[in-house]
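# Chains, contacts and geometry: an overview
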Amino acid sequence: MQEILDQFDISMMRKYPDPNAQILVDALAKAYGVSPKQVFVGVGSDDVISMAFMTFFGGNKPILFPDVTYSFYDVWADVYRIPYTQIPLTEDFRIDPKDYARENGGIIFPNPNAPTGVFESLDTIEEIIKENPDSIVIVDEAYIDFGGTSALPLLDKYENLLVVQTFSKSRSMAGMRIGFAIGSEKLIRFMNDVKFSVNSYTMNQVTLLCGAKTLEDDAYFRDTTAKIIATREEAKKRLTELGFTFPDSYSNFIFAKHKTADAGKIFEKLKERRIFVRYWNKSRISQYLRITIGTPEEMERLYSALTEILTELEATA
Ligand SMILES: *Cc1c(COP(=O)(O)O)cnc(C)c1O
């Protein structure tokens, strides 16, 4: 990163950035083995997905997304006045492709899903895409680098698929704000048409340079994600020993429920100890905590805090 900052030239601030974001688009095309015409970049994947909503969704038919999922989809749908139907996940938090075989104006879901961490196989994804040739299907792969298999190869077969990824999670660059979509040339052209009608200069020149540069060091990227995966696998063992259950996670968090202790109470007690996990007081997931994988040292602190908390809660039960 320092190397890139050393190249930083103040004139980059004086001039408008390249509206085509070509340096980053080309680097992504090379890294993912697609044509630059198949790549769209934006200010984080939130910007990319919001652009995709604006571009592809908005007819009279409802778009479909799962009931337990990333919390922004319904927000964008509301903002853009797009009708939507949320499809409940199955009992064990899975996506059943049959539930998506109904009239719709588009489909979006994360894979792995958030906040469950559940990964669906490419067969499941393909079934949904195949079943819906007249809809754009967006697969939000924010967590794909933590062990899942990307739907990118399906692009060879389906023109209605859009795969969205981000530099914010597995590439540890949330502050840079880089997200991207890969799809058929046609879909990417439509998205760029909309972008150029809203704001041509979404990404600044420093971000474009840094994003392109970091893609060159694939070994470092593989190494850091492998560390998170190793810590997550250890967390699965340790949390199980502490009495937690969870759907198997392919992301950088674990969505865990304790066999006896109340999730809301554990959340409060962790917070008192300045350990922050996510808790949603919503009917179906009110007994779950989303625990993000930290460094091994941070995780050790979590396990000892949980051991204390569970003893305390048992004593007062
Ligand atoms: C984090 C996240 C995003 C957005 O990330 P950006 O920082 O905007 O790239 C989108 N979808 C899911 C499922 C996420 O978890």
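Each chain has its residues counted from 1, following the order in which its sequence is written. Where local features are concerned, this predicted model is filtered to residues with pLDDT of at least 70; where side-chain atom pairs are given and counted, the filter is 80 or more; whole-chain, interface and lining totals use all residues. Neither water nor hydrogens contribute to the side-chain values; these are computed over all heavy atoms in the structure.

### Some remarks on the domain arrangement of the protein
To keep things clear, this is the line we draw: Boundary definitions for the domains trace back to an automatic or database domain assignment. Contacts between residues were defined by any pair of non-hydrogen atoms, one from each residue, lying within 4.5 Å. The term buried area denotes the loss of accessible surface (1.4 Å probe radius) that occurs when two parts are joined, taken as the sum for both partners. Take a side-chain nitrogen of Lys or Arg and a carboxyl oxygen of Asp or Glu: if they are within 4 Å of each other, that pair is a salt bridge. For this classification, the nonpolar set comprises Ala, Val, Leu, Ile, Met, Phe, Trp, Tyr, Cys and Pro, the charged set comprises Asp, Glu, Lys and Arg, and every other residue, Gly included, is treated as polar.
We note that the domain assignment places domain 1 (2-216) and domain 2 (219-316) within the protein. The C-alpha centroid of domain 2 is placed 28 Å from the C-alpha centroid of domain 1. The interface is formed by 21 residues belonging to domain 1 together with 18 residues belonging to domain 2. Summed over both partners, the interface of domain 1 with domain 2 comes to about 1,700 Å²; 65% of that surface belongs to carbon and sulfur atoms. Broken down residue by residue, the surface that domain 1 buries against domain 2 is led by Phe-93, Pro-115 and Phe-146, which jointly contribute 39%. The interface formed by domain 1 and domain 2 contains 0 salt bridges. For the side of domain 1 that touches domain 2, the per-class residue count stands at 11 nonpolar, 7 polar and 3 charged.

### Comments concerning the sheet that holds strand β11 (residues 288-292)
Quick reminder of the rule: Paired strands are those between which DSSP finds at least two bridges. Strands here are runs of E lasting at least two residues and helices are runs of H or I lasting at least four, both read from the DSSP assignment and numbered beginning at the N terminus. Orientation is described by axes fitted as lines to C-alpha atoms, over the contacting stretch for helices, and by angles from 0 to 180 degrees between their N-to-C directions.
In spatial order, the strands read β8-β9-β11-β10; together these 4 strands make up an open sheet with antiparallel pairing. The open sheet is flanked by β8 (244-245) and β10 (278-279), the only strands paired with a single partner. In this fold helix α9 (residues 218-241) packs onto β8, β9 (253-258) and β11, with an angle of close to 5 degrees to the strand it touches most, β9.

### Considering the environment of Ser-135
Just so we agree on the cut-off: A 1.4 Å probe rolled over the protein chains alone gives each residue an accessible area, and that area as a share of the maximum for its type sets the label: buried under 20%, exposed over 50%, partly exposed in between. What qualifies as a polar contact is a pair of N or O atoms within 3.5 Å, subject to a donor-acceptor requirement within protein and to the restriction that residues adjacent in sequence count only when both atoms come from side chains.
Mapped onto the fold, Ser-135 is located in the loop between α6 (122-131) and β5 (137-140). By relative accessible area, Ser-135 is classed as buried at 6%. When sequence neighbours within four positions are dropped, the list of residues in contact with Ser-135 reads Asn-104, Gly-106 and Asn-160. Side-chain polar atoms of Ser-135 contact the side chain of Asn-104, separated by 2.6 Å.

### Things to note about the pairing of strand β2 (residues 63-66)
In plain terms, the rule: Crossovers are marked right-handed if the path from the first strand over the helix to the second runs clockwise, as seen with the strands pointing away from the viewer.
Pairing geometry for β2 and strand β3 (residues 84-87), over 4 bridges, is parallel. Directly across from Ile-63, in β3, lies its bridge partner Tyr-84. Once the chain exits β2 it traverses helix α5 (residues 73-79) before rejoining the sheet at β3, and the crossover so formed is right-handed.

### Some details on the nonpolar core
Put simply, the test is: To define a nonpolar core, start from buried Ala, Val, Leu, Ile, Met, Phe, Trp, Tyr and Cys residues and group those joined through side-chain atoms within 4.5 Å.
Within the largest apolar cluster, 46 residues are counted, with the highest numbers of intra-cluster contacts made by Leu-24, Val-41 and Leu-161. Breaking this core down by element, the ones donating at least two residues are α3 (22-32), β1 (39-42), β4 (107-110), α6, β5, β6 (161-166), β7 (179-183) and α8 (205-214). Counting residues domain by domain, this core receives three or more from each of domain 1 (2-216) and domain 2 (219-316).

### Overview of the pattern of salt bridges
With the rule as written, the count across this model stands at 14 salt bridges. Where Lys-186 meets Glu-159, a salt bridge forms, and the shortest distance between an N and an O atom there is 3.7 Å. Here Lys-186, found in helix α7 (residues 185-198), pairs with Glu-159, found in the loop between β5 and β6; they are 27 residues apart in sequence, far enough to count as distant. Taking relative accessible area as the criterion, Lys-186 reaches 37% and is therefore assigned partly exposed.

### A few points about the layout of surface pockets
Put simply, the rule reads: Put plainly, a pocket is an open set of points on a 1 Å grid over the protein atoms alone with protein on both sides within 12 Å along at least five of seven lines, a cavity is a set where a 1.4 Å probe fits but cannot get out, and a lining residue has an atom within 4 Å of a point. Grid points are joined across faces, edges and corners, and a volume is the space filled by probe spheres set on the points.
The calculated volume of the second largest pocket comes to roughly 410 Å³. Surrounding the second largest pocket, 20 residues form its lining, Thr-69, Tyr-70, Ser-71, Pro-115 and Lys-282 being those nearest its centre. Class assignment for the residues of the lining of the second largest pocket results in 9 nonpolar, 4 polar and 7 charged. Mapping the lining of the second largest pocket onto the domain boundaries places at least three of its residues in each of domain 1 (2-216) and domain 2 (219-316).

### Notes on the site of the ligand
Operational definition: Neighbouring residues are identified by heavy atoms, a residue being near a molecule or strand if any of them is within 4 Å of it.
What surrounds the ligand is the set Gly-44, Ser-45, Asp-46, Tyr-70, Pro-110, Asp-140, Ala-142, Tyr-143, Thr-166, Ser-168, Lys-169 and Arg-177. Side-chain polar atom of Thr-166 to an oxygen atom of the ligand: 2.5 Å apart, as the coordinates give it. Contacts to the ligand include Arg-177, whose side-chain N or O atom sits 2.8 Å from an oxygen atom. In terms of residue count, helix α4 (residues 44-56) provides more of the shell around the ligand than any other element does, 3 residues in total. Taken together, the residues that form the shell around the ligand break down as 4 nonpolar, 4 polar and 4 charged.

### So, the packing of α9 against helix α11 (residues 296-316)
To keep it simple, the criterion reads: What sets the label is the angle itself: under 35 degrees gives roughly parallel, over 145 gives roughly antiparallel, 65 to 115 gives roughly perpendicular, and the rest give oblique.
At a closest axis distance of 11 Å, the pairing of α9 and α11 adopts a crossing angle of 10 degrees. Between α9 and α11, the interaxial angle falls into the category roughly parallel. Where α9 abuts α11, its residues Thr-231, Glu-234, Ala-235, Arg-238 and Leu-239 lie against Pro-296, Met-299, Glu-300, Tyr-303 and Leu-306. Looking at the contact of α9 with α11 residue by residue, the class counts come to 6 nonpolar, 1 polar and 3 charged.

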